[in-house]
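Chain residues, written in single-letter form:
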Amino acid sequence: MAIINVNPTRMEMKRLQGRLKTASRGHKLLKDKTDEMIRRFITLAEQNKRLREETERELANALNSFAEARANSDSRVVDEAILMPSRSITIETSSHKVMGVDVPQIHVRDSGGEMYPYSFLTVCEGLDDAVRGVSAVVVKLIQLAEIEKTCNMLAEEIEKNKRRVNALENIMIPQLTETIKYIKMKLDESERSATVRLMKVKDIINN
């Protein structure tokens, strides 16, 4: 490991020892933070997996019901029945922090209108199932988008923190440690040389 190019003085050694202490403390904090972020990420990833599976299953059922409705009814009647929806949702976005990372938070507000924008006499039951299924799955799709974006942002931050931890662990801390050892060795050599000179001077004076 290459040492830092510094003057081997006690003042410099003290300064580097302070940097080493700060780097070691920062390394521990970053590592602890990364471990906790990974734990949160795994929890969110599992939640995301479950929600995605539910959403895909419910969406497939709704599409199957819609296909059934079109097969059992006049397609023009089905298209006219769902042309003007009577219910809407409003999405409000904000953010909150997860381990210091600003992640999205999505709030869904339902208008509370009638779910079925048509007369039950004009269409078959399959369209009712399709509309009911889509109404339920829309909210889950929005939740899924929020969780997936959060997972992506946490994954990026985890990767950044891992690079910082590795840089501290494998480059900065060893480099500071080696440089401090080098300075200490040089100072010890200087002290021994000074001691030898003093002894020689004392011998000369005594003789």
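Along each chain, the written sequence defines residue order, and numbers are assigned to residues from 1. Note on the predicted model: pLDDT of at least 70 is required for a residue's local features to be given, and 80 or more for side-chain atom pairs to be given and counted; whole-chain, interface and lining totals, by contrast, use all residues. Hydrogens and water molecules were not included; the side-chain quantities draw on all heavy atoms of the structure.

Student: How do you make sense of the nonpolar core when you look at a structure like this?
Tutor: Looking at soluble globular proteins, one finds that nonpolar side chains tend to be buried together. What makes a nonpolar core is a set of buried Ala, Val, Leu, Ile, Met, Phe, Trp, Tyr and Cys residues whose side-chain atoms join them at distances within 4.5 Å. In this scheme, a residue with accessible area under 20% of its type's maximum is buried, one over 50% is exposed, and one in between is partly exposed, where area comes from a 1.4 Å probe on protein chains only. Counting residues in hydrophobic clusters, the biggest one holds 13 residues, and the most contacted among them are Leu 16 and Ile 183. The set of elements that each furnish at least two residues to this core consists of α1 (10-72) and α3 (125-206). Per the convention used, a helix needs a DSSP run of H or I reaching at least four residues, while a strand needs a run of E reaching at least two, with both numbered from the N terminus. Tallying contributions element by element places α3 first for this core, with seven residues. Membership of the second largest hydrophobic core comes to 11 residues, among which are Leu 44, Val 101, Cys 151 and Ile 158.

Student: Where do I start with the pairing of strand β1 (residues 89-98) in this structure?
Tutor: Look at any regular strand and the pattern is simple: side chains alternate between the two faces of the sheet. Pairing of β1 with strand β2 (residues 101-110) involves 10 bridges; the strand directions are antiparallel. In the sheet register, Ile 91 faces β2, and the bridge partner there is Val 108. Two strands are counted as paired when DSSP detects at least two bridges linking them. The turn joining β1 and β2, which pair antiparallel and follow one another in sequence, is formed by two residues; a positive phi near 55 degrees is taken by Met 99.

Student: Help me out: how do you make sense of unusual backbone geometry in this one?
Tutor: The phi dihedral of Met 99 is positive, around 55 degrees, even though this residue is not glycine. Following the sequence through the fold, Met 99 ends up in the loop between β1 and β2.

Student: What should I look at first to understand the pattern of salt bridges in this one?
Tutor: Pairing between side chains of opposite charge can happen when the charged atoms of each approach one another. In the sections that follow, a salt bridge refers to a side-chain nitrogen of Lys or Arg positioned within 4 Å of a carboxyl oxygen of Asp or Glu. On inspection of all chains with the given rule, the structure shows 14 salt bridges. Across the salt bridge formed by Lys 97 and Asp 102, the nearest N and O atoms sit 3.1 Å from each other. The class for Lys 97 is exposed, based on a relative accessible area of 56%. Taking the relative accessible area as the measure of exposure, Asp 102 reaches 41% and is therefore partly exposed. One salt-bridge network, in which partners are shared between bridges, spans Glu 36, Arg 39 and Arg 40.

Student: Looking at this structure, I do not really get the environment of Ile 89. What am I missing?
Tutor: Tracing the backbone through its elements, the reader meets Ile 89 in strand β1. Distance from Ile 89 to Ser 135, taken between C-alpha atoms, is 9.8 Å for residues 46 residues apart in sequence. Apart from residues lying up to four places away in sequence, Ile 89 is in contact with Val 108, Arg 109, Asp 110, Val 138 and Ile 142. Contacts are residue-level and defined by heavy atoms, with any inter-residue pair within 4.5 Å sufficient.

Student: Hey, could you run me through the environment of Lys 28 in this one?
Tutor: When you line up the elements, Lys 28 lands in helix α1. Given a relative accessible area of 52%, Lys 28 falls into the exposed group.

Student: Would you mind showing me how to read the confidence of the model for the protein chain here?
Tutor: As a note on interpretation, predicted positions should not be read in detail where pLDDT is low. Known as pLDDT, the predictor's confidence for each residue is given on a scale from 0 to 100. On average, residues of the protein chain score 83 in pLDDT, and 83% of them are at 70 or above. The element-level mean pLDDT for the protein chain is lowest in helix α2 (residues 75-81), coming to 63, with α1 highest at 90.

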